[in-house]
Amino acid sequence: MNNRKASPFTYFSRTDSPSMPLILVALVTLTLAFAPNETPSKDAPSTPDEAVAAVMAGNARFVNGQSTAHTIETDRAQLASGQAPFAAVIRCADSRVAPEICFDQPLGQLFVCAVAGNVPTLEGIASLEYGVAVLGTKLIVVMGHSECGAVGAAIEHREDTSVLPGSLPGLIDQIVSPCALAVDPSDADALKKATACNAAKSVTQLLKRSNVIKEAVAKGDLRLIAGVQDLGTGVFTLVKK
Ligand SMILES: [Zn+2]
């Protein structure tokens, strides 16, 4: 997480005299790093509303097989000198959920935290606060998804999560009390309902547990949205906005 800008003159601030080959390499490197970008420019959203529009438009491109972000050659040298992502995402760790692909955004645009069940743990909240307070993200997206194993486990073991291995009970408990206990396990849509609930409740939790996030929202500098990605269609449906 480095947002510092490297000076283009760093090479020449050394006290020792660089050899001619080193100077040539440095000049070539600087030329490449600061050469005009000939790829189509993607203007970064500058407001929370524009940020929401950008991720939803990206999802529409992804769903329609018209993704563009990953066909553009990335200017890695320029990206390595700093980051200014316009949105932060807290997503499930599920291997089928990839915000950069689902929202069709190039490297450097999304600040992503992954936790099973997209639960806003303390570490996740701290990471999102870094995105908001230091990197200036305009949007936080809570990204749930269909067929979520973590939410499914919360429903299945809602009476007793202690049967789950390792540290999982502590994580799954955070889904059980607000959402798994709110659905009828015999309901065919129980998983769907609990998943939507879990994503929406995460927004409530972020506002409740983080003054950094709450104050940024109050100032109009930040929006929080939550949604669920259908793994089959790719469609990201908002459940809280
Ligand atoms: Zn999941």
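Structure shown above.
Keep in mind that this is a model prediction, so the values were computed, not measured.

Conventions and cut-offs
Residues numbered from 1 in each chain as written. Predicted model: local features only at pLDDT ≥ 70, side-chain atom pairs only at ≥ 80, totals over all residues. Heavy atoms only, no water. Pairing = 2+ DSSP bridges. Helix = DSSP H or I, 4+ residues; strand = E, 2+ residues; numbered from the N terminus. Contact = heavy atoms within 4.5 Å. Buried < 20%, exposed > 50% of the residue type's maximum accessible area, 1.4 Å probe, protein only. Donors = N, O, S within 2.8 Å, 3.2 Å for Na, K, Ca; no water. Axes fitted to C-alpha atoms, helices over the stretch in contact; angles between N-to-C directions. Salt bridge = Lys/Arg side-chain N within 4 Å of Asp/Glu carboxyl O. Phe/Tyr/Trp six-rings, centres within 6.5 Å; stacked < 30°, edge-to-face > 60°.

S.K.: Please set out the pairing of strand β5 (residues 236-240) residue by residue, giving values where relevant.
M.R.: In summary, the side chains of a regular strand alternate between the two faces of the sheet. Here strand β4 (residues 223-229) runs beside β5; their pairing, made up of 4 bridges, is antiparallel. Residue pairing for β5: glycine 227 is matched across the bridge by leucine 238. In textbook terms, the turn of a hairpin is the stretch between consecutive antiparallel strands, and for β4 and β5 this stretch comprises 6 residues, one of which, glycine 234, has a positive phi near 90 degrees.

S.K.: Which residues make up the environment of aspartate 221, and what values do they have?
M.R.: Mapped onto the secondary structure, aspartate 221 falls in the loop between α9 (211-218) and β4. C-alpha separation for the pair aspartate 221 and glycine 136, spaced 85 residues apart in sequence, amounts to 8.6 Å. Setting aside its immediate chain neighbours within four residues, aspartate 221 contacts Pro48, Thr137, Lys138 and Ala216.

S.K.: Break down unusual backbone geometry for me, with residues and values.
M.R.: Residues other than glycine predominantly adopt negative phi, and peptide bonds predominantly adopt the trans conformation. Even without a glycine there, the phi angle at asparagine 118 is positive, about 40 degrees. Relative to the helices and strands, asparagine 118 is located in the loop between β2 (110-114) and α5 (122-133). Unlike most non-glycine residues, glutamate 147 shows phi in positive territory, near 55 degrees.

S.K.: Any chance you could break down the environment of threonine 137 for me, citing the residues and the numbers?
M.R.: As for its placement among the helices and strands, threonine 137 is situated in the loop between α5 and β3 (139-145). Given a relative accessible area of 2%, threonine 137 falls into the buried group. For the pair formed by threonine 137 and alanine 87, sequence separation is 50 residues and the distance between their alpha carbons is 4.9 Å. Setting aside residues up to four positions removed in sequence, threonine 137 forms contacts with Pro85, Phe86, Ala87, Ala88, Gly131, Val132, Asp221 and Leu222.

S.K.: Tell me about the coordination of the zinc ion, residues and numbers included.
M.R.: The protein atoms donating to the zinc ion are Cys92 (SG), His145 (NE2) and Cys148 (SG), with metal-donor distances spanning 2.1 to 2.3 Å. Each donor residue of the zinc ion lies on one chain, and together they are spaced C-x52-H-x2-C. In this pair, cysteine 92 is assigned in the loop between β1 (87-91) and α4 (99-102) and histidine 145 in strand β3, connecting sequence segments 53 residues apart. Take cysteine 92 and histidine 145: they sit in the same class, and that class is buried.

S.K.: Quick one: what's the story with the sheet that holds β3, residue by residue and with numbers?
M.R.: Strand order in the open sheet formed by 5 strands is β2-β1-β3-β4-β5, and the pairing between neighbours is mixed. Because the sheet does not close on itself, it has two edges, and the strands there are β2 and β5. Ignoring which end each strand starts from, the neighbouring axes of this sheet average 30 degrees apart. Along the sheet, α5 makes contact with β1, β2 and β3, crossing β2 at roughly 175 degrees. Sheet strands in contact with helix α8 (residues 190-209) are β3, β4 and β5, and its direction is about 165 degrees off that of β4.

S.K.: Let's hear about the pairing of β1: which residues, and what values?
M.R.: Of all 5 residues that make up β1, 5 are buried, and the element is covered over most of its length. Relative to β3, β1 runs parallel, the two being bridged by 5 bridges. What sits directly across from valine 89, in β3, is valine 141.

S.K.: Can you explain the pattern of salt bridges? Please cite residues and give values.
M.R.: One pass over the full model with this rule turns up 5 salt bridges. The partner of aspartate 187 in a salt bridge is lysine 193, and the shortest N-O contact between them spans 2.6 Å. Under the relative-accessibility criterion, lysine 193 is labelled partly exposed at 46%.

S.K.: So what about the packing of aromatic side chains? Which residues, and what values?
M.R.: Scanning all chains against the criterion turns up 2 aromatic pairs. Judged by centre distance (5.0 Å) and plane angle (90 degrees), the ring pair of phenylalanine 103 and phenylalanine 236 falls under edge-to-face. One end of the pair, phenylalanine 103, is in the loop between α4 and β2; the other, phenylalanine 236, is in strand β5, and 133 residues separate them in sequence.

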